[in-house]
Amino acid sequence: MERTMIQKVTIGFGALYVLIGILGFIPGITRDVADPGPVPMEGELLGIFAVNLIHNLAHIGIGLALAWGAMRAERVMLTNRIMTAVFALLVVASLIAPIVEGVAINAPDTILHVVSVLVVGYLGFIAPQG
């Protein structure tokens, strides 16, 4: 079965999120933070992105949802539309946060989520199917 370009990109984007989630657990790639502040932060992935257990698991879950949703052509558009809403909510929450106590979020995370909104939004709403 030949996958559409939208499916391939969505699966790749999902795999990237799973990889980010896994890397968040690996010492050396994630460095400790001297002052974690009010949000429980275990470290910074690549010295940039705030991570903790919940954040890593969220990245893995989001990545798996994207990859699973893209496996069938009839599901991929809906999956990207739903994930656009999820990422948009994450952007808003990260601006209001740390209302989302328990999830370590910093400015680079917010930027990553904005890029994610643009990518999955394009794939779900604008990209030509087929």
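For the structure itself, consult the block above.
For clarity, every value in this text was computed on a predicted model and none was experimentally measured.

A. How the structure looks around a nonpolar patch on the surface. A surface patch of nonpolar side chains, about 510 Å² in accessible area, is lined by Ile22, Phe25, Ile26, Leu53, Ile54 and Leu57. Broken down by element, the nonpolar patch gets its largest block of residues, three residues, from helix α2 (residues 53-70). You can see Ile26 is positioned in the loop between α1 (5-23) and β1 (30-31).

B. Structural detail: the environment of Val76. With respect to the helices and strands, the residue Val76 is situated in helix α3 (residues 73-96). On a C-alpha basis, the gap between Val76 and Gly124 in space is 7.6 Å, while along the polypeptide they are 48 residues apart. Excluding anything up to four places from it in sequence, Val76 contacts Ile6, Gln7, Thr10, Gly69 and Ala70.

C. How the structure looks around the pattern of salt bridges. Evaluation of the coordinates by the stated rule reveals three salt bridges. Among the ionic pairs, Glu2 bridges to Lys8, the shortest N-O distance being 3.3 Å. A salt bridge links Glu74 to Arg72; its shortest N-O distance comes to 2.6 Å. On the basis of relative accessibility, which here comes to 46%, the residue Arg72 falls in the partly exposed class.

D. Inspection of α1 at higher detail. Relative to the 27 Å expected for 19 residues at 1.5 Å per residue, α1 spans 27 Å between its end C-alpha atoms, a close match to the ideal helical length. For α1, the complete set of buried residues consists of Ile6, Gln7, Thr10, Phe13, Gly14, Tyr17, Val18, Ile20 and Gly21. Across the axial projection of α1, the buried residues extend over an arc of 160°, all falling on one side.

E. Seen up close, helix α4 (residues 107-126). For α4, spanning 20 residues, the distance from its first C-alpha to its last is 27 Å, which sits close to the expected 28 Å at 1.5 Å a residue. Within α4, the full set of buried residues consists of Asp109, Thr110, Leu112, His113, Ser116, Val117, Val120, Gly121, Leu123 and Gly124. The elements touched by buried residues of α4 are α1, β3 (49-51), α2 and α3.

The rules we used
Residues numbered from 1 in each chain as written. Predicted model: local features only at pLDDT ≥ 70, side-chain atom pairs only at ≥ 80, totals over all residues. Heavy atoms only, no water. Patch = residues over 30% accessible without salt bridge, like charges linked within 9 Å, V, L, I, M, F, W, Y side chains within 5 Å. Areas by Shrake-Rupley, 256 points an atom, 1.4 Å probe, with all protein chains shown as cover. Salt bridge = Lys/Arg side-chain N within 4 Å of Asp/Glu carboxyl O. Helix = DSSP H or I, 4+ residues; strand = E, 2+ residues; numbered from the N terminus. Contact = heavy atoms within 4.5 Å. Buried < 20%, exposed > 50% of the residue type's maximum accessible area, 1.4 Å probe, protein only. Expected span 1.5 Å × (residues − 1). Arc of directions from axis to C-beta.

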